[in-house]
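Each chain, letter by letter, is given below.
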Amino acid sequence: MASSEEDGSAEDKENNRKKTKRPFVTAWLTIYNIAMTAGWMVLAVAMIRFYIQKGTHKGLYKSISRTLKFFQTFALLEIFHCAFGMVRTSVIVTGVQVCSRIFMVWFVTHSIKQIQNEESVVLFLVAWTVTEITRYSFYTFSLLNHLPYFIKWARYNLFIVLYPVGVAGELLTIYAALPYVRKSGMLSVRLPNKYNVSFDYYICLIIVMLSYIPLFPQLFFHMLRQRRKVLHGEVMVEKED
């Protein structure tokens, strides 16, 4: 017990030393998170405005697709942030989350236009948008050392509903895409060909759907552990004080 406390103290000192030595990193991460917060807020406003004006979700994805693709693709930088030690987050966890979003945006909803008006698309768009506005706001205010409690509360509570809703929307969208992919054979490579390889995008989508079975619980329970550490840990400290 004593040794672990000492290690923790040394680690805190080392982290504080690194923070003071890396003002450029802090500045870049602050600018990045402000930009991403603004980008997702633009998406939120665009979606609300579209629904008020049109009264339907049909055509919504097409109207915001460019902005969505830009900011979601820009999030690939987060993998590099982890890889280069700019943030203390698992490269694997971040990579899975970001790449799954990239896949949904470019290889499902962008590539298969017949499903863009599905209600499930709106489901994951709303879940993503609220999640990202909350997440990037949390990071921004944390970097500025002025984190309002309601943003912290939202960061570690809203995901309990938004994460399953987003996953449900993604799975339903992929499922809706299956008949179109099977019929058209899009993005598939058939034999014979000069490279002597084959690829079936239909089977790939099924494998992606099945991958949610082991991955979703791991990521969800990881967030629950973080929630207990941040929120419940804070309550315990307040009680001791």
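Residues numbered from 1 in each chain as written. Predicted model: local features only at pLDDT ≥ 70, side-chain atom pairs only at ≥ 80, totals over all residues. Heavy atoms only, no water.

### Examining the overall build of the protein chain
Here's step 1: Per the secondary structure count, the protein chain includes nine helices and zero strands.
Here's step 2: Scanning the protein chain from its N terminus toward the C terminus, one meets helices and strands in the order α-α-α-α-α-α-α-α-α.
Here's step 3: A burial count over the protein chain gives 37% of its 241 residues as buried.
Here's step 4: Put simply, 72% of the contacts in the protein chain that link residues at least 6 apart link residues at least 24 apart. (Helix = DSSP H or I, 4+ residues; strand = E, 2+ residues; numbered from the N terminus. Buried < 20%, exposed > 50% of the residue type's maximum accessible area, 1.4 Å probe, protein only. Contact = heavy atoms within 4.5 Å.)

### A closer look at the confidence of the model for the protein chain
Here's step 1: Mean pLDDT over the protein chain works out to 89, with 88% of the residues at or above the 70 mark.
Here's step 2: Confidence drops under a pLDDT of 50 for residues 17–21, and excluding neighbours within four residues, the segment shows zero contacts in the predicted structure. (pLDDT = per-residue confidence, 0-100.)

### Regarding helix H2 (residues 23–54)
Quick reminder: α-helices carry 3.6 residues per turn. Residues three or four places apart thus point the same way.
Here's step 1: For H2, spanning 32 residues, the distance from its first C-alpha to its last is 46 Å, which sits close to the expected 46 Å at 1.5 Å a residue.
Here's step 2: Immediately beyond the C-terminal end of H2, within one or two residues, lies glycine 55, with a positive phi of roughly 70 degrees. (Expected span 1.5 Å × (residues − 1).)

### Some points on the environment of leucine 178
Here's step 1: By the secondary structure assignment, leucine 178 is in helix H8 (residues 159–184).
Here's step 2: On the accessibility criterion, leucine 178 (9% relative accessible area) is buried.
Here's step 3: Spatially, the C-alpha atom of leucine 178 lies 9.2 Å from that of tyrosine 201, the residues being 23 residues apart in sequence.

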